[in-house]
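Results of the structural survey
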Amino acid sequence: MTPEQAARSLGEELASSPELTELMRCEKAYAADSAAQALVKSAQDAGARIQELQKAGKKLELAEAKRIAEVQANLDSCRVVQQLVASQKAYEAMVQRLNGVVQSVGEEKLKKG
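Everything in this summary refers to the structure shown in the same document. These figures come from a predicted structure and were not determined experimentally. (Residues numbered from 1 in each chain as written. Predicted model: local features only at pLDDT ≥ 70, side-chain atom pairs only at ≥ 80, totals over all residues. Heavy atoms only, no water.)

**A word on the overall build of the chain**
- Along the backbone of the chain there are five helices and zero strands.
- Taken against the 2.2 N^0.38 rule, which gives 13 Å for 113 residues, the C-alpha radius of gyration of the chain at 21 Å runs more than 25% over that of a compact globule.
- Projecting the C-alpha coordinates of the chain onto the three principal axes gives extents of approximately 60 × 35 × 20 Å.
- Residues classed as buried in the chain amount to 18% of the 113 residues present. (Helix = DSSP H or I, 4+ residues; strand = E, 2+ residues; numbered from the N terminus. Rg over C-alpha atoms; globule rule 2.2 N^0.38 Å. Buried < 20%, exposed > 50% of the residue type's maximum accessible area, 1.4 Å probe, protein only.)

**Points about the nonpolar core**
- Counting residues in hydrophobic clusters, the biggest one holds eleven residues: Leu20, Leu23, Cys26, Tyr30, Ala36, Val40, Leu75, Cys78, Val80, Val81 and Leu84.
- Tallying contributions element by element places helix H2 (residues 18–31) first for this core, with four residues.
- With sequence-adjacent residues up to four places away left out, leucine 23 is seen in contact with Leu84, Ser87, Gln88 and Tyr91. (Core = buried A, V, L, I, M, F, W, Y, C linked by side-chain atoms within 4.5 Å. Contact = heavy atoms within 4.5 Å.)

**Quick look at the packing of helix H3 (residues 34–55) against helix H4 (residues 62–76)**
- Axis separation between H3 and H4 bottoms out at 9 Å; the angle between their running directions is 145°. At the point where H3 passes H4, the crossing takes the left-handed sense. Contact residues: H3 offers Leu39, Val40, Ser42, Ala43, Ala46, Arg49, Ile50 and Leu53, while H4 offers Glu64, Ile68, Val71, Asn74 and Leu75.
- Residue composition of the contact of H3 with H4, grouped by class: nine nonpolar, two polar and two charged. (Axes fitted to C-alpha atoms, helices over the stretch in contact; angles between N-to-C directions. Left-handed = near helix turned anticlockwise from the far one by under 90°. Nonpolar A, V, L, I, M, F, W, Y, C, P; charged D, E, K, R; others polar.)

**Some points on the side chain of glutamate 64**
- Tracing the backbone through its elements, the reader meets glutamate 64 in helix H4.
- Of note is the side chain of glutamate 64, whose polar atom sits 2.7 Å from the side chain of arginine 49.
- Residues within four places of glutamate 64 in sequence aside, it is in contact with Arg49 and Leu53. (Polar contact = N/O pair within 3.5 Å; in protein donor to acceptor, adjacent residues only side chain to side chain.)

**Focus: helix H5 (residues 79–112)**
- Given a rise of 1.5 Å per residue, 34 residues ought to cover 50 Å, and the 50 Å separating the end C-alpha atoms of H5 matches this to within 8%.
- Every buried residue of H5 is accounted for by Val80, Val81, Leu84, Ser87 and Met94.
- Of the surrounding elements, those touching the buried residues of H5 are helix H1 (3–15), H2, H3 and H4. (Expected span 1.5 Å × (residues − 1).)

**Details of the packing of H2 against H5**
- Two numbers describe how H2 lies on H5: the axes approach to 9 Å, and their chain directions differ by 150°. Comparing the axis directions of H2 and H5 gives the class roughly antiparallel. In this structure, H2 crosses over H5, and the sense of that crossing is left-handed. Between H2, through Glu19, Leu20, Glu22, Leu23, Arg25, Cys26, Glu27, Ala29 and Tyr30, and H5, the contact on the second element is made entirely by Val80, Val81, Gln83, Leu84, Ser87, Gln88, Ala90, Tyr91, Met94 and Arg97.
- Each residue belonging to the contact of H2 with H5 can be placed in one class, and the counts come to eleven nonpolar, three polar and five charged. (Parallel < 35°, antiparallel > 145°, perpendicular 65-115°, else oblique.)

Any link to function would need more than the numbers given here.
Right under this line is the structure:
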């Protein structure tokens, strides 16, 4: 079996994995939820604002800090976003595990010479 064939076989297995299935379900739920998307956009904007202030050597004003904390609290309580993040982490963990297996097999082959 060539490396390309092995990769294709692995890709087919991954496509039916519970981790990818859940990730795809969560991505669809997120895509259908404009409120969740707006929360993420607000959080991204808040993060960009904080970076802007840091680069300029300025401090966050109290009112702005409260607004950002509120955005974060809303984001933290959004079930759709939390499920999406959890499914992304689970998928990434699986990919990391697989990468570790591939690396360890390669290292074993090198040791055997």
